[in-house]
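Spelled out from the first residue to the last, the chains are:
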Amino acid sequence: MLVLVAPGQGAQTPGFLTPWLELPGAADRVAAWSDAIGLDLAHYGTHADADAIRDTAVAQPLLVAAGILSASALGAIPDIAPGAVAGHSVGEITAAAFAGVLDDTAALTLVRKRGLAMADAAAITETGMSALLGGDPEVSVAHLEKLGLTPANVNGAGQIVAAGTLEQLAVLNDDKPEGVRKVVPLKVAGAFHTHHMAPAVDALAKAAADLTPADPTVTYVSNKDGQAVATGAEVLERLVGQVANPVRWDLCMETFKQLGATAFIEVSPGGTLVGLAKRALPGVKTLALKTPEDLDAARELIAEHGA
């Protein structure tokens, strides 16, 4: 059984969209999306520097566009035949497009509004996120709460992401939980999936009200609790609420295991989720779509493990 997943914010790197735009029709699709959302995706994906694409309002639509573009290079979702789809944080919107809950333009429109709303919320207080590598999850969570931080991403495979004010994160850097090897600041511009994002929830709810979601055509696994969601209305409701609530990627991976996953493909800019899967899903074949050079290997996995 094949799982198709999409990465979250922080996976972007300067120029990562460049090789994908060389595929037939890709530049035209991205230009149309750019016109629809009022953001030059091609510019930011090819020429912008790391600081420019760190901007939440830019990074989020850029990631969703890259995910949809790279997946479509593999073929239509019915041809890829994943047994389940999921995305980490903003990648959930990419996954909603995979599952047919939103069409491509609706997904890009929603994520553009999401990014703007979360950027506005992040501007209220200087906040950020840092990954904890190693340690016992229960010990780490208790320590974070003692410091006033939120375990915003519980990623499994020994990784938790802390979120809070920059002052709180500075304290964490000097006062790591027992067993944690390293604290790594992430390339994000706010404390996402925490109470700091509450103002963005209202804005996103208004944006979602203009959409007409369809029910998923493939099993859609939610970050909220790792459970499969059966209706488009509930997918959309969860996408709105998840902005201010922790990502439980560990539970998503447990669900992949229970569903019988044998292969795991992460769309562009892939790598982060494959790294987690390699540690948490032993025996499952993994592949990250970094450039179009990875497409042939991905197609082989699809031929072997697709439904």
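Residues numbered from 1 in each chain as written. Predicted model: local features only at pLDDT ≥ 70, side-chain atom pairs only at ≥ 80, totals over all residues. Heavy atoms only, no water.

1. Focus: helix α1 (residues 26–37)
Then step 1. Helix length check: α1 (twelve residues) gives 17 Å between terminal C-alpha atoms against 16 Å at 1.5 Å per residue, within 8%.
Then step 2. Those residues of α1 not exposed but buried are Ala 26, Val 30, Trp 33, Ser 34 and Ile 37. All buried residues of α1 project into a common sector of 105 degrees when viewed along the axis, lining one side. Turned more than 90 degrees from where α1 packs its buried face, Asp 28 and Asp 35 sit exposed.
Then step 3. Next to the buried residues of α1 lie α2 (41–46), α4 (56–72) and α7 (104–122).
Then step 4. Gly 38 lies just past α1 and shows a positive phi near 70 degrees. (Helix = DSSP H or I, 4+ residues; strand = E, 2+ residues; numbered from the N terminus. Expected span 1.5 Å × (residues − 1). Buried < 20%, exposed > 50% of the residue type's maximum accessible area, 1.4 Å probe, protein only. Arc of directions from axis to C-beta. Contact = heavy atoms within 4.5 Å.)

2. Re the layout of surface pockets
The method is simple in principle: a probe with the dimensions of a water molecule rolls over the atoms, and the space it marks as empty is what remains.
Then step 1. By volume, the largest pocket is sized at about 490 Å³.
Then step 2. In terms of lining residues, the largest pocket is bounded by 29 residues, among which Gln 9, Gly 10, Ala 11, Leu 186 and Thr 272 are the most central.
Then step 3. The set of elements that each furnish at least two residues to the lining of the largest pocket consists of β3 (127–134), β4 (150–156), β5 (159–165), β6 (180–185) and α13 (272–280).
Then step 4. Here the lining of the largest pocket gets three residues from one element, more than from any other, and that element is α13.
Then step 5. Partitioned by chemical class, the residues of the lining of the largest pocket number 14 nonpolar, twelve polar and three charged.
Then step 6. Taken as a whole, the second largest pocket spans an internal volume of roughly 150 Å³. (1 Å grid on protein atoms, 1.4 Å probe; cavity = no way out; pocket = protein on both sides within 12 Å on 5 of 7 lines; lining within 4 Å. Points joined across faces, edges and corners; volume = space filled by probe spheres on them. Nonpolar A, V, L, I, M, F, W, Y, C, P; charged D, E, K, R; others polar.)

3. Regarding the side chain of His 193
Then step 1. Checked against the element boundaries, His 193 lands in the loop between β6 and α10 (198–208).
Then step 2. Side-chain polar atoms of His 193 contact the backbone oxygen of Gln 242, separated by 2.5 Å.
Then step 3. If near-sequence neighbours (up to four positions away) are discounted, His 193 is found in contact with Ser 89, Arg 114, Thr 150, Ala 152, Asn 153, Gln 242, Val 243, Ala 244, Asn 245, Pro 246 and Val 247. (Polar contact = N/O pair within 3.5 Å; in protein donor to acceptor, adjacent residues only side chain to side chain.)

4. Re the pattern of salt bridges
Where charged atoms from two side chains of opposite charge approach closely, those side chains can pair.
Then step 1. Counting across every chain of the model gives seven salt bridges.
Then step 2. Of the charged contacts, one joins Asp 104 and Arg 29 as a salt bridge, the two residues approaching to 2.8 Å between their closest N and O atoms. Here Asp 104 is found in helix α7, whereas its partner Arg 29 is found in helix α1, with 75 residues between them in sequence.
Then step 3. A relative accessible area of 25% places Asp 104 in the partly exposed class.
Then step 4. Between Lys 257 and Glu 254 there is a salt bridge whose closest N-O contact spans 3.5 Å. Of the two residues, Lys 257 and Glu 254 both sit in helix α12 (residues 249–259), three residues apart, roughly one turn of that helix. (Salt bridge = Lys/Arg side-chain N within 4 Å of Asp/Glu carboxyl O.)

5. So, unusual backbone geometry
Then step 1. Residue Pro 269 is reached from Ser 268 by a cis peptide bond, and omega for that bond is -5 degrees.
Then step 2. When you line up the elements, Pro 269 lands in the loop between β9 (263–266) and α13.
Then step 3. In this model, Ala 81 sits at a positive phi of 55 degrees, which is unusual for a non-glycine residue.
Then step 4. Its place among the elements puts Ala 81 in the loop between α5 (77–80) and β2 (84–87).

6. A word on the packing of α4 against helix α6 (residues 91–98)
Then step 1. Packing of α4 against α6 brings their axes to within 9 Å, and their N-to-C directions diverge by 35 degrees. The handedness of the crossing between α4 and α6 comes out as right-handed. Facing Leu 63, Val 64, Gly 67, Ile 68 and Ala 71 of α4, the residues of α6 in contact are Ile 93, Thr 94, Ala 97 and Phe 98. (Axes fitted to C-alpha atoms, helices over the stretch in contact; angles between N-to-C directions. Left-handed = near helix turned anticlockwise from the far one by under 90°.)

7. Let's talk about the sheet that holds strand β8 (residues 228–229)
Then step 1. Within the open sheet, the six strands sit side by side as β8-β7-β2-β1-β9-β10. Their pairing is mixed. Only two strands of the sheet have a single partner each, and these edge strands are β8 and β10 (285–288).
Then step 2. Sheet topology note: the β9/β10 ladder contains four bridges and is parallel. Bridge pairing links Ala 263 to Lys 285 in β10.
Then step 3. Of the strands in this sheet, β1 (2–6), β2 and β7 (219–221) are in contact with α6, which crosses β2 at around 150 degrees. (Pairing = 2+ DSSP bridges.)

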